[in-house]
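# Survey of secondary and tertiary structure
Spelled out from the first residue to the last, the chains are:
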Amino acid sequence: MRTLQQVKNELKDYQGEKIAIMEVCGTHTSSIFKNGIRSFISPQIQLISGPGCPVCVTSATYIDKIIDYSLQENHCVLTFGDMLKVKGNNLSLTEAKAIGGSVRMLYSPLAALKIAKENKHIQFVFAAVGFETTAPIYALLLEEIIKSKIKNLKLLTAIKTIIPAITYICDNEKSIDAFLCPGHVSVITGSSVYNDLAKKYHKPFVIGGFEGEHILAAVYEIFQQVLSKQYSAKNMYVSVVSEDGNQKANAIIDKYFKHTDDYWRGIGVIKKSALRLKEEYLDFDAGSYFDEYLENSPINCRCKDVILGRINPTDCPLFKRTCTPLSAIGPCMVSTEGVCGIWYKNREVQQ
Amino acid sequence: MCVAVPGKIIEINGDKAKVDIMNNIVEVNIRLVSVQIGDYVLIHAGCVLEVLKKDLAEEILWMFNELQEGANENSSAG
């Protein structure tokens, strides 16, 4: 019988071929640092961050548009705090506010209902950004807007689905050997969505929770699958992730949204990776369908290579030199869940 | 952005419930789940996303049992 200490030793003493494990959730990235997971494992087991921060992959064109709304007379943009600092092609919402834009931060999309009812003379636009986790809440918001006949609240959506992004990475980035699958996205999608991926790409897809123990256990599961060359999808966050996911949530998503292609900042178009309002609900949409996406990438910014797992943030020439959380150049440095921002704030841990 | 926290249902009023999140009482929407008073739930952006099936301690215990089984299988196979 093996003890936990022996498990840790196995992970630490491993000297075989490199195993590159990508996590596609910003909260995982953060927790890996907070719990010092890298200190428990061999340098041959690499933990690489993927496109797990919705703010970082929201197109600059979308951000420009939400900023335009904030600057229009009698308009107000409602948003999660994460979106405030990320720049579009020119400004961020915070900068727009400084020049007179109207922006309010909310913790829940549903709080927008009361604000809209109490301020009927203002047209509100909710910046509906996020992954599968947040999508059903936007659907609930829309349902309430319709039920309460609210006329002055619309959604500008940039809701993305992470499963097509994982598929994109499997097809295009051959250096990734395994995936630590996102815990709270999987609460909605269910664990079964990873079964086909594991079969098709012959890689481990392991869903993990967010405590240090959860992540270490998921890494060990991946490690064992790689050693035994027996690859499968495995759910190690069973307290909240079921095989089929949250059926009520999926039903309400399907009622209001449809899957369309979408543009990911720094990556490009990924097929069927957006949830956009269906035609019959476009009266509640503030113009989420764009004909083209303009992106003035900052010179030398390597955010794209960071979120595709090609380099670590420390390999970017701007990291910690000209790009810092207080003066961010790329989107990944701005958001609290952005890979570069997390690496910057935890740099003591890496050393 | 997908951050979610656990809490305990203490009162239910139609589509809304009061939850205790580390001694903070917060009102949340429960349209996406079926809950009862006393249930532990996972909350994201003002909504309950799922009911916690086991407590965390039990899950971690389960994980390490699994790990041990996996390790034993591997060692017996090798």
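Residues numbered from 1 in each chain as written. Chains lettered and ligands numbered in written order. Predicted model: local features only at pLDDT ≥ 70, side-chain atom pairs only at ≥ 80, totals over all residues. Heavy atoms only, no water.

## Here we look at the packing of aromatic side chains
Residue and element names in this part refer to chain A. Tallied over the entire structure, the rule returns 13 aromatic pairs over all chains. Centroid distance Tyr263 to Tyr293: 4.8 Å. Interplanar angle 10°. Geometry classified as stacked. Within this pair, whereas Tyr263 is found in strand β10 (residues 257-264), its partner Tyr293 is found in the loop between β11 (268-277) and α13 (303-307), the two being separated by 30 residues in sequence. Overall, the relative accessible area of 15% leaves Tyr263 in the buried class. In textbook terms, an aromatic cluster arises when at least three aromatic residues are bridged by ring pairs, as seen for Tyr14, Tyr220 and Phe223. Positioned over the ring face of Trp264 is Lys160, at 5.7 Å from the centre of the ring. A cation over an aromatic ring shows up here: Arg276 above the ring of Tyr289, its NZ or CZ 5.2 Å from the ring centre. (Phe/Tyr/Trp six-rings, centres within 6.5 Å; stacked < 30°, edge-to-face > 60°. Helix = DSSP H or I, 4+ residues; strand = E, 2+ residues; numbered from the N terminus. Buried < 20%, exposed > 50% of the residue type's maximum accessible area, 1.4 Å probe, protein only. Lys NZ or Arg CZ within 6 Å of the ring centre and 35° of its normal.)

## Things to note about the sheet that holds strand β1 (residues 19-23) of chain A
Residues and elements named next belong to chain A. Sheet architecture is open: 5 strands sit in the order β2-β1-β7-β8-β9, paired in parallel fashion. Each edge of the sheet is formed by a strand with only one pairing partner; in this case those strands are β2 (45-49) and β9 (233-235). For this sheet, the mean inter-axis angle between neighbouring strands, taken without regard to orientation, is 20°. Of the strand pairs in this sheet, β1 and β2 are connected by 5 bridges, and their pairing is parallel. (Pairing = 2+ DSSP bridges. Axes fitted to C-alpha atoms, helices over the stretch in contact; angles between N-to-C directions.)

## Some details on the nonpolar core
Residues and elements named next belong to chain A. Tyr62 and Leu153 are the most contacted members of the largest nonpolar core, which totals 114 residues. With 8 residues, the single largest contributor to this core is helix α7 (residues 135-147). Setting aside anything within four residues of it in sequence, one finds Leu153 in contact with Leu78, Ala112, Leu113, Ala116, Gln123, Phe124, Phe126, Leu141 and Ile145. (Core = buried A, V, L, I, M, F, W, Y, C linked by side-chain atoms within 4.5 Å. Contact = heavy atoms within 4.5 Å.)

## Focus on the confidence of the model for chain B
When pLDDT is averaged along chain B, the result is 81; 68% of the residues meet or exceed 70. We note a pTM of 0.92 for the whole complex and an ipTM of 0.90 for its interfaces. (pLDDT = per-residue confidence, 0-100.)

## Focus: the pattern of salt bridges
Residues and elements named next belong to chain A. Across all of its chains, the model carries 12 salt bridges over all chains by this definition. One salt bridge in this structure joins Glu118 and Lys114, with 3.5 Å as the shortest N-O distance. Within this pair, Glu118 and its partner Lys114 are both found in helix α6 (residues 111-118), separated by 4 residues, close to a single helical turn. Neither Glu118 nor Lys114 differs from the other in exposure class; each is exposed. Of the charged contacts, one joins Arg310 and Asp305 as a salt bridge, the two residues approaching to 3.0 Å between their closest N and O atoms. Through salt bridges with shared partners, a single network forms among Glu173, Arg302, Asp305 and Arg310. (Salt bridge = Lys/Arg side-chain N within 4 Å of Asp/Glu carboxyl O.)

## Examining the pairing of strand β2 (residues 16-21) of chain B
All names here are of chain B. Residues Ala17, Val19 and Ile21 of β2 are buried on one face, while the alternating residues Lys16, Lys18 and Asp20, pointing to the opposite face, are not. Inspection of the sheet shows strand β1 (residues 5-13) paired to β2 by 5 bridges, in the antiparallel sense. By the bridge assignment for β2, Ile9 is matched with Val19. Between β1 and β2, which pair antiparallel and follow one another directly, the connecting turn spans 2 residues, one of which, Gly14, has a positive phi of 60°.

## Some thoughts on the packing of α7 of chain A against helix α12 (residues 247-256) of chain A
Residue and element names in this part refer to chain A. Across the interface, α7 lies against α12 with an axial gap of 9 Å and an inter-helix angle of 60°. In this view, α7 runs oblique relative to α12, as classed from their interaxial angle. In this structure, the crossing between α7 and α12 has a hand that is left-handed. Residues Ala135, Pro136, Ala139, Leu140, Leu142, Glu143 and Ile146 of α7 touch α12, and the partners they reach there are Ala249, Ile252, Ile253, Lys255 and Tyr256. Here the contact of α7 with α12 is built from residues that sort into 10 nonpolar, no polar and 2 charged. (Parallel < 35°, antiparallel > 145°, perpendicular 65-115°, else oblique. Left-handed = near helix turned anticlockwise from the far one by under 90°. Nonpolar A, V, L, I, M, F, W, Y, C, P; charged D, E, K, R; others polar.)

## Observations regarding the sheet that holds strand β6 (residues 153-160) of chain A
Residue and element names in this part refer to chain A. Taken in spatial order, the 6 strands make up an open sheet running β4-β3-β5-β6-β11-β10, and their pairing is mixed. The sheet terminates laterally at β4 (103-105) and β10, the two strands that pair on one side only. Recorded for the sheet is a direction-independent mean angle of 25° between the axes of neighbouring strands. Against the sheet, α7 makes contact with β5 (123-130), β6, β10 and β11, and its axis sits at roughly 160° relative to β6, the strand it touches most.

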